[in-house]
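# Observations on the three-dimensional arrangement
Chain by chain, the residues run as shown.
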Protein chains: 2
Amino acid sequence: MKNVNLKHLAEELGLSIATVSRALQDSHEVSAATKERVRALAAELRYEPNAYASSLRRNQSKTIGVVIPKVTNHFFALAINGIEEAARQSGYHVLIYLTHDDYAREAAIIQHLKGGRVDGILLSVASGTEDIAHLESLQDANIPLVFFDRVRTEIATARVTTNDYESGYRATEHLLEAGCQHIAHLLISNSLSIGHNRHQGYLDALAAHGRPYDPDLVLAGTIDNQRNVQLIEELLRSRPDIDGIFASVERLAVGTYHACQQLGRRIPEDIKIVGFSNLESVSLFDPPLTTITQPAHDIGYEAARILLQAVEKKRAVLPSQSVVLDSELVQRRSTATE
Amino acid sequence: MKNVNLKHLAEELGLSIATVSRALQDSHEVSAATKERVRALAAELRYEPNAYASSLRRNQSKTIGVVIPKVTNHFFALAINGIEEAARQSGYHVLIYLTHDDYAREAAIIQHLKGGRVDGILLSVASGTEDIAHLESLQDANIPLVFFDRVRTEIATARVTTNDYESGYRATEHLLEAGCQHIAHLLISNSLSIGHNRHQGYLDALAAHGRPYDPDLVLAGTIDNQRNVQLIEELLRSRPDIDGIFASVERLAVGTYHACQQLGRRIPEDIKIVGFSNLESVSLFDPPLTTITQPAHDIGYEAARILLQAVEKKRAVLPSQSVVLDSELVQRRSTATE
DNA sequence: CTGTTAGCGCATTCAG
DNA sequence: CTGAATGCGCTAACAG
C-alpha cells in the first residue's frame, strides 16, 4: 500500500498541500466544508502524519526520554507506568534508555539525546555517576531535564523525590523503639542522593536517641547482588551483636533477608529488618518484612507532568518546582495486591 | 548555545555540506585528511546529527516500538531489559507503549505507529484484543512485527514464546504426581495464546492420567486483581475438594496464595500450588511456591534480534523464524528450614 | 575527491 | 478562505 501523505490527499481532493495541512490541524482559516472533506478522506485512507517530517519542521519531537538505571527494579517499573500515563495524556511518546548504573553509558545516552531526538529528559542518576558535565551540557542544548528519585542538586532543575531523610530517620527510629541496640545501615553509593539522605536520617536518629555511631555498621553495596549477599553475611558474622538492619534499597533488603536465612538468624527475634521496597509481594514473605514503600507511580507521573509542562510552554524547569512525596513505613500483614 | 549542524560545520571548515556529511559517515570517497579535520571539529563542537532529519531522508527511524500490556509485571520488565540490550547493540532506540490490556488502546497505538515513527514493532497482545484488523494493516504499511509471549497465530510473522503447552502439562502432572485429586486451572483470557496453550496442556495432562475434566474447576481471571482474589476465594469455598491449583499467570498465582492464606488453607498440606512467576523473590515466600519461570530476558532479546535483523535487511519477518524457549519448573525450598 | 542540486513530508510564511 | 513558495537538516544522485 502506498504511503499516503499530504500530497496524496491534496491531489485526490484537488486542493493544495497547504490547505490540507491546515484543515487537518483544524486551522480557523479553512472553511468548515473543506475541513470535513479533508477529514473524511484522511480517515478513509487512514492517513497518519509522518512524525519525523513534522518534528523536523516544528523543531519538537513530542517525545521524552526516560533514562534509568534498570527496569527490573519494581520502583522503576512503577515509575515508568506513571510516566507513560502522563505522556499519553499529553500526546507524547516515551523513549526508554537503561544505564545499568554505568556512568559511561549514561553520558553516552545523554550526549546522543542532545541531537534533538527528545524534547525533554527524565533522569534517575546512575550510581556510577560522579562527574556531571554531561548533565550541565543539557542546559546549553536547551533540553529540559527533570530528576526523579536519584537526583543531583548541583543541577538547577526540578527534582521529584521521596522524603528520603525522614524515611531513613523513621526507619532507624522504628528499629530503636523495637529495642535494637546495634543497627546497621546498608546503602548504595553514598554519592547518590538517596543513599546520602537516607544515611543522614539514620545518623540523626541515632544521635537523637543518644546512640553512638559506629562506622563499621555501615555497608555500601555493589552493583553485583551476589557479592552483596556475601558482604552482608560477612558483616553479620563479624558483628554478631547486630540486631537491627536498615536496608536502603530493595535489592539490599531482599539480600539481607537471604543472608539472615542463610545464617539462621531469626527474624524478628534475633534481628529486625526495615527495608525500602516497592515489591508488593514482600507481604508474602514469612516472616514479613517491614518496608518503606515509595509512591513510585506518582513520582513518575509528577516528574513527567513537570517536564511536559515546561516542554509545552517552552519554559525552563525551575528547582522551585521540585516535589517531595511521602514514603510509607508499612509493617506488612497479609493484604491483597495491586 | 546555537544548534550546531552540518551547515555550521561546513562553513567553519570551508567545505560543502555534502562533504561534511560524507566525512562523518566515513564514506570512502573522502580523503583521510578531510575526514580528520571534519571529525575533529565535530567532536570539538559536540556535533550531534539531527535524528529526525536523517530519518526523514533515509526513511528509517532507527527506532522500534514495544507494545505491551503493562510494565509492572516482572516478565515484561525483564523482557524490556533484553529488548533494550539488543536494540542498543544495533544502535536502535526503543519506544514504549502500554496497552493496559485494553484493545482500543492497542489499536490506537498500532494505528499511530503506522505513521513511520518506528521501523518495526514488538508486540505482546492485550488480553482484551479479539479483532486483529489493526495488526493485519501493519503488513500493508510494511512495518515488520514480531510477537512475543502473547501471540496471535493468524498473523504471518515470527513469534517468540515459551513452551506454554508443555509447561501447562508439566505443571499439572507435577500436581497429579504430588497426589492432587481435584486440580483447578486459573487462566486469563482463553483467546490469548498463552492462556489457551497452557490450558490445553492442563487438559491433556489430566486426560493422560485418566482424570476427568471438570469445567467448574477452570476460572478465567479478570483485569481487576482485587476481583480475582475474590473469585478465587469463592471457588475455593464452593469447592472444598480442590487440592491443587495451577495458576497460569503471576498475578493469579500470587492471588491464589493470598486467597489460601485468607481462608486458612495450608500450603502445601491442604492445597498445592504451581504458578507462573518471574519474580525472584517468590523464593522468600513461606511456604514456598512452586513456580514456572520463563526466560523473560532471553525472550525479549531474541524477539528484538529477529525484528532488527529483518529491519536492517529490509526483509519481511517469516513465521518460520519463530522461536520457542523453555520455561523451568522450580520447586523452591525454604532456606529458612535448614 | 569535492561541490551542486534535489528532495524526504510537513508547517508556515506571503500573496492573492 | 486558498495556493505557491520556502526551508527544517540531512542524504544521495549527478557532475566535475
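Look a little higher up for the structure.
Read on for an overview of the structure. (Residues numbered from 1 in each chain as written. Chains lettered and ligands numbered in written order. Predicted model: local features only at pLDDT ≥ 70, side-chain atom pairs only at ≥ 80, totals over all residues. Heavy atoms only, no water.)

To continue, consider unusual backbone geometry. Residues and elements named next belong to chain A. Cis geometry marks the peptide bond from Ile 267 to Pro 268, where omega comes out at 5°. Following the sequence through the fold, Pro 268 ends up in the loop between α11 (250-263) and β9 (272-276). A positive phi angle is found at Lys 314, which is not glycine, with a value near 50°. Tracing the backbone shows Lys 314 in the loop between α12 (296-313) and β11 (323-325). By relative accessible area, which is 66% here, Lys 314 ends up exposed. (Helix = DSSP H or I, 4+ residues; strand = E, 2+ residues; numbered from the N terminus. Buried < 20%, exposed > 50% of the residue type's maximum accessible area, 1.4 Å probe, protein only.)

Further remarks concern the sheet that holds strand β6 (residues 183-187) of chain A. All names here are of chain A. Strand order in this open sheet of six strands is β7-β6-β8-β9-β10-β12, and the pairing throughout is mixed. The open sheet has two edge strands, β7 (218-220) and β12 (328-331), and neither has a second partner. When strand polarity is set aside, the average angle formed by the axes of neighbouring strands in this sheet is 15°. Both β6 and strand β8 (residues 244-247) contribute to a ladder of four bridges, which runs parallel. Note on β8: the bridge partner recorded for Leu 186 is Ala 247. (Pairing = 2+ DSSP bridges. Axes fitted to C-alpha atoms, helices over the stretch in contact; angles between N-to-C directions.)

What surrounds DNA strand C is a group of 25 residues, the closest being Leu 6, Tyr 47 and Arg 57 of chain A together with Glu 29 and Arg 57 of chain B. The sugar-phosphate backbone supplies 60% of the atoms of DNA strand C found within 4 Å of the protein. One of the side-chain N or O atoms of Arg 22 of chain A is found 3.4 Å from a base oxygen in DNA strand C. Ala 53 of chain A has a polar backbone atom sitting 3.3 Å from a base nitrogen of DNA strand C. Ranked by the residues each element gives to the surface near DNA strand C, the list is headed by helix α4 (residues 51-58) of chain A, at four residues. Taken together, the residues of the surface near DNA strand C break down into nine nonpolar, 10 polar and six charged. (Near = heavy atom within 4 Å. Polar contact = N/O pair within 3.5 Å; in protein donor to acceptor, adjacent residues only side chain to side chain. Nonpolar A, V, L, I, M, F, W, Y, C, P; charged D, E, K, R; others polar.)

This paragraph deals with the packing of helix α1 (residues 6-13) of chain B against helix α2 (residues 17-24) of chain B. Residues and elements named next belong to chain B. In contact at an axis separation of 8 Å, α1 and α2 are set at 105° when each is read in the N-to-C sense. Regarding the angle of α1 to α2, the classification is roughly perpendicular. For the pair formed by α1 and α2, the contact residues are Leu 6, Lys 7, Leu 9 and Ala 10 on the first element and Ile 17, Val 20, Ser 21 and Leu 24 on the second. For the contact of α1 with α2, a count of residues per class yields six nonpolar, one polar and one charged. (Parallel < 35°, antiparallel > 145°, perpendicular 65-115°, else oblique. Contact = heavy atoms within 4.5 Å.)

With that settled, consider the sheet that holds strand β7 (residues 218-220) of chain B. All names here are of chain B. Across the sheet, which stays open at both edges, the six strands sit in the order β7-β6-β8-β9-β10-β12 with mixed pairing between neighbours. In the strand order of this sheet, the two ends are held by β7 and β12 (328-331), each with one partner. Across the sheet, the mean angle separating the axes of adjacent strands is 15° when strand polarity is ignored. Alignment of strand β10 (residues 290-293) against β12, held across four bridges, turns out to be antiparallel. Within β12, the residue paired with Thr 293 across the bridge is Glu 328. Helix α8 (residues 164-177) contacts β6 (183-187), β8 (244-247), β9 (272-276), β10 and β12 of the sheet and is inclined by roughly 165° relative to β9. Each of β6, β8 and β9 is contacted by helix α11 (residues 250-263), which is oriented at about 155° to β9, the strand it contacts most.

Another point: the side chain of His 174 of chain B. One can find His 174 of chain B in helix α8. In this structure, His 174 of chain B is in contact with Val 274, Thr 290, Leu 329 and Gln 331 of chain B, ignoring residues within four places of it in sequence.

So, about the pattern of salt bridges. Per the stated rule, a full pass over the model turns up 20 salt bridges over all chains. A salt bridge links Arg 39 of chain A to Glu 36 of chain A; its shortest N-O distance comes to 3.8 Å. Placement of the pair is Arg 39 of chain A and Glu 36 of chain A together in helix α3 (residues 32-44), with a separation of three residues, close to one helical turn. Note on Arg 39 of chain A: relative accessible area 33%, which makes it partly exposed. Linking Glu 233 of chain B and Arg 237 of chain B is a salt bridge whose minimum nitrogen-to-oxygen distance equals 3.8 Å. Here the residue Glu 233 of chain B and the residue Arg 237 of chain B both occupy positions in helix α10 (residues 225-238), the gap between them amounting to four residues, near one helical turn. Among the charged side chains, a salt-bridge network with shared partners connects Asp 26, Lys 35, Glu 36 and Arg 39 of chain A. (Salt bridge = Lys/Arg side-chain N within 4 Å of Asp/Glu carboxyl O.)

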